Structure formats: structure tokens, C-alpha cells
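Each chain, written out:
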Amino acid sequence: MDRFTIILWIVTALLFIFSLFKDRKKTVKALKMATGLGKSMLVSILSIIFLIGLILAVIPPATIAGYVASKNEFLATIVSAFFGTITLIPAFIAFPLVGTLVDAGVAVVPSVAFLTTLTMVGIVTIPLERKEFGSRFTLVRNCLSFLFAILIALLMGVFL
Amino acid sequence: MKILKLIKVNFFAFLVLLAYLVLMIFNRNLGIDSLKNSQYYLKEMIAIMPPIFILTALLDLWVPKETILKYLGTGSKVKGVFLSFLLGGISAGPIYAAFPVCVMLHKKGASIRNIVIILSSWAVIKVPMLLNEVKFLGVHFMVIRWILTVIAIIVFSWITSLIVKDKDIPEADIELPLLAINSKACIGCRLCTKNYPQVFKMENGKATIIKDYKTLDEDLISQTVKACPANAISYNPETND
């Protein structure tokens, strides 16, 4: 567990104990609510997790890097943005990966496009997002995030 | 029948399961690799989600609606934007961990714009991530990307709030069921579907609740509850005291 997760646990535990002292009934209700929330999301989250595992096995990030490196910059940007969209990679894998991309001579623009869509846009999380926020919100947020990810990447190309 | 219904409700999960089955039959090694890959995410989920759910429930019960409305509502302006970035930036876990938190905040009056900011910054500008970024891509790279991303989020969260309205987002069922029908008691008289067709419908001779009804008219619903001859409808308006 990283430091932030540990802090999250500590903060939650402290608030929970505080809540328990202040109002026992309310805290029990909160626990019930938390379990209900967990149950309602469990199947969706498990599906997301196993789908990510599958995608990473079928299209390993290294293959993506190799493919992108051999293309021209425009095509590479679009392709890497799309690859970033379908997968969801933890930051501690994504940054070294993008680092190696840049070191290997892949231009900044596709690398950044990959990095941003990787975390902000997620095809795999769309079913869950739709369930929680509705179709319209999900569609608009993901499309805008994708467009702006490419915009960020293009601007990075100008500044670096 | 039951199996079909189960598949319909968990269609996405069913597809993933099917993909694994196909993979296990035709390319066993790849299937095993997939499971191994999933392990990391599974651990991440177990580490993150329990405290997130408890925190969400605690905040829901302790923080009054007015407070959320004041700090994250449509009227909160710059303060709300700043707070949303802070909330997303210091958080732990993948983007889906932000979903229950944001649903709860929206239910309590946070604006769509601020919800988008929290979700996006939760995903992309986390503090531990920034340190990692410096390590592999350099300070220069990180600072420029950070600034650009923050500006982008400010702009597209605003655009989102122009296109998506509060009514587009389904009511959170974070509270225990607000409205429920005891189908064993229901005698199928159709009174409720006549009284309030936006909320009730008939299915296989029994009344059911239309899942995505938008709002509940207080008068109409209590009238409908009273009208039911079998007392099969239960309605629990907000019990937050």
C-alpha cells in the first residue's frame, strides 16, 4: 500500500471512531449504507478489473510502444490516445513506460496523449460510470476528456 | 428466465466472463496471463474501496446538504473549483473510486462542473503521481503538463456543465430503498400504474418500479401508497435527522 492509501485508512478509521462516539445509531446506519454501496458496485468493479487484466494481456503496453514508435507523429498521437482510452494503467507503470517511450525517441506529443487518456478516459469504466451518472454525463465527460487530452498533448509539443 | 434476467442486469460482467471462457479454451496461456494481470488491480481495489465506501457513507450522514451546496454547489464559483481540485488531487485510488464519492456529493448539491473536476483531477493530477512523473520525465515536463491539464479541466468541466444538466444524472440510491414494492403482497390491481404511470409499471402481472424515474411528486406518491389495497408499496422519505 502506498502512503496515500494508508492515510485514507487512518482518516476513515478516525472519523469512524469519532462518529461512533457521537452517535452510535447513525454510525451503524453508515456502515449499512457503506455495505449497500459496496454490494451495488462490486460486480461492476470486478468486471472492470478482470477486463483490464485481459486487455493488458492481449495488447501489452510494450507492443503499443513499439507500434507507436514506428509511425509518424500525427498517426502516433491518434493511435496512442486510443490505446490510452481502452486501458487503465496504474501511474507507477504508466510513467516509466512513457519515460522509456520518450527515451526511445517517440515524440512528446503521442507520449503525453497516451498518458492523459490513460487515466482520464476509460472505455472499461464506462458501464459503471453510466450506471452511476447516466449516459449523457458519461458520454460528454469522456468525449471532452479525450479531445482535451489530445489538445494538451499538442500544446506540450509546442512548449517542450 | 431467471438466468436471462441475471445476464441482462449484469451484462457487462457476463461479457467479460464470456471473453475469459473463450480465452481459456483457445489460448490458455493468455488467459492465465490475464488473470495474473488482474491480481494487481484486485489488490488495489481491496485496499481502496472499503475506506472509500465508509467515508462516503459517513460524509453523507454527517455533512448537511447546505454545507455541500455552499462549498461545491453552482454558487460556489472559484472556491468550489479550488476545493474540487484539492479533493481530487489528494485522493487515493483509481478513477472508479471517485464514483461513489461524486454521486453522494452531487446528491447533496455539488454542481456538475465540480463533479467533473473532482473526477478528472482524481484521475490525472494526483500528488503521488506527480512525484513519479518527475522521476521518469523530469520537473520541466511535469510542471508544464500539470499546468496545461489543470487549465484543460477548468475549461472542459465548464463545457460539460453547459451540456449536462442535473436532471440527466440518475437519483442516487445510496439511501436504503426510497420506494419499494412487496411483490408477494401485490395483487396486480394496477391502481398504482394508473395513479402514477411515470413511476410504476406492470410486469408479469405484478407492479414494479420503473428504475430510472426522475423525481418523485410528494403528494402523488403518498396518494398512490395509500391507494394500494394490499399495502404493498413502501415509501421512505429522507430519514436523515
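Fair warning: this is a prediction, and the values are worked out from it, not measured in the lab.

J.: Which residues make up the overall build of chain B, and what values do they have?
T.: What chain B contains, in helices and strands, is eleven helices and four strands. In terms of C-alpha radius of gyration, chain B reaches 23 Å, well past the compact-globule figure of 18 Å for 241 residues. Counting only residues that meet the buried cut, chain B has 44% of its 241 residues in that class. In chain B, the proportion of contacts linking residues at least 24 apart, taken out of those at least 6 apart, comes to 67%. When the accessible surface of chain B is summed, it comes to about 13,200 Å², and 66% of that surface belongs to carbon and sulfur atoms. Side-chain charges of chain B comprise 26 positive and 17 negative groups, with the mean position of each set lying 6 Å from the other.

J.: Lay out the overall build of chain A in plain terms, naming residues and giving numbers.
T.: Looking only at helices and strands, chain A features eight helices and zero strands. Order of helices (α) and strands (β) in chain A, N terminus to C terminus: α-α-α-α-α-α-α-α. Overall, chain A is about 65 × 35 × 30 Å in size when its C-alpha atoms are taken along their principal axes. A buried classification covers 52% of the 160 residues belonging to chain A. Carbon and sulfur atoms make up 75% of the accessible area of chain A, which amounts to about 7,500 Å² in all. Taken together, the 13 basic and 6 acidic charged side chains of chain A have centroids lying 16 Å from each other.

J.: Can you break down the interface of chain A and chain B residue by residue, with the values?
T.: Listed as interface residues are 73 residues of chain A and, on the opposing side, 78 residues of chain B. Surface buried jointly by chain A and chain B totals about 7,000 Å² across both partners, of which 84% is contributed by carbon and sulfur atoms. Per-residue buried area on chain A facing chain B is highest for Met33(A), Phe95(A) and Phe133(A); these three make up 10% of the total on that side. In this structure, the salt-bridge partner of Arg136(A) is Asp168(B), at a minimum N-O distance of 3.2 Å. For the interface between chain A and chain B, the tally reads seven residue pairs in polar contact (both at pLDDT 80 or more). Listing elements by their share of the side of chain A that touches chain B, those giving two or more residues are helix 1 (3-22), helix 2 (24-58), helix 5 (91-103), helix 6 (108-120), helix 7 (126-133) and helix 8 (135-159) of chain A. Residue contributions to the side of chain A that touches chain B peak at 25 residues, all from helix 2 of chain A. Considering only residue class, the side of chain A that touches chain B consists of 51 nonpolar, 13 polar and nine charged.

J.: I'd like a rundown of the pairing of strand 2 (residues 200-203) of chain B, residues and numbers included.
T.: Residues and elements named next belong to chain B. Note that strand 2 and strand 3 (residues 206-209) share four bridges and pair antiparallel. Among the inter-strand pairings, Phe200 is bridged to a residue of strand 3, identified as Ile209. From the end of strand 2 to the start of strand 3, which pair antiparallel, there are two residues, and Asn204 there has a positive phi angle of about 50°.

J.: Give a detailed account of helix 8 (residues 127-137) of chain B, specifying residues and quantitative values.
T.: All names here are of chain B. Turning to helix 8, its buried residues are Met129, Leu130, Asn132, Glu133 and Leu137. Seen along its axis, helix 8 keeps its buried residues to an arc of 165°; they face one direction. Looking at helix 8, the residues exposed on the side facing more than 90 degrees away from the buried face are Leu131 and Lys135.

J.: Can you tell me about the confidence of the model for chain B, naming the residues and giving the values?
T.: Per-residue pLDDT for chain B has a mean of 84; in total, 93% of the residues score no lower than 70. Confidence estimates for the predicted assembly give a pTM of 0.76 and an ipTM of 0.86.

J.: Kindly report on the nonpolar core, identifying the contributing residues and their values.
T.: With 100 residues, the main nonpolar core has Phe137(A), Met49(B), Tyr96(B), Leu105(B) and Leu119(B) as its most contacted residues. The biggest single contributor to this core is helix 2 of chain A, with 13 residues. Not counting chain neighbours up to four residues away, the residues in contact with Tyr96(B) comprise Met41(A), Ile45(A), Ile48(A), Ile49(A), Thr125(A), Leu128(A), Tyr41(B), Met45(B) and Met49(B). Grouped together as the second largest cluster of nonpolar side chains are 15 residues, Cys186(B), Phe200(B), Val225(B) and Tyr235(B) included.

J.: Account for the pattern of salt bridges, with residues named and values stated.
T.: Pairs can form between side chains of opposite charge once their charged atoms are near each other. Counting across every chain of the model gives seven salt bridges over all chains. The salt bridge partner of Glu129(A) is Arg141(A), with a shortest N-O separation of 2.7 Å. Separated by twelve residues along the polypeptide, Glu129(A) in helix 7 and Arg141(A) in helix 8 bring together distant segments of the chain. Pair check on accessibility: Glu129(A) and Arg141(A) agree, each one buried. Here Asp168(B) ties to Lys167(B) by a salt bridge, and the two come within 3.9 Å at their closest N and O atoms. Residue classification places Lys167(B) among the exposed residues on the basis of a relative accessible area of 58%. Shared partners join several salt bridges into a network, and the residues in it are Arg136(A), Lys167(B) and Asp168(B).

Reading guide: rules and limits
Residues numbered from 1 in each chain as written. Chains lettered and ligands numbered in written order. Predicted model: local features only at pLDDT ≥ 70, side-chain atom pairs only at ≥ 80, totals over all residues. Heavy atoms only, no water. Helix = DSSP H or I, 4+ residues; strand = E, 2+ residues; numbered from the N terminus. Rg over C-alpha atoms; globule rule 2.2 N^0.38 Å. Buried < 20%, exposed > 50% of the residue type's maximum accessible area, 1.4 Å probe, protein only. Contact = heavy atoms within 4.5 Å. Areas by Shrake-Rupley, 256 points an atom, 1.4 Å probe, with all protein chains shown as cover. Lys, Arg positive; Asp, Glu negative; His and termini not counted. Charge placed at Lys NZ, Arg CZ, Asp CG, Glu CD. Buried area = accessible area lost by both parts, 1.4 Å probe. Salt bridge = Lys/Arg side-chain N within 4 Å of Asp/Glu carboxyl O. Polar contact = N/O pair within 3.5 Å; in protein donor to acceptor, adjacent residues only side chain to side chain. Nonpolar A, V, L, I, M, F, W, Y, C, P; charged D, E, K, R; others polar. Pairing = 2+ DSSP bridges. Arc of directions from axis to C-beta. pLDDT = per-residue confidence, 0-100. Core = buried A, V, L, I, M, F, W, Y, C linked by side-chain atoms within 4.5 Å.

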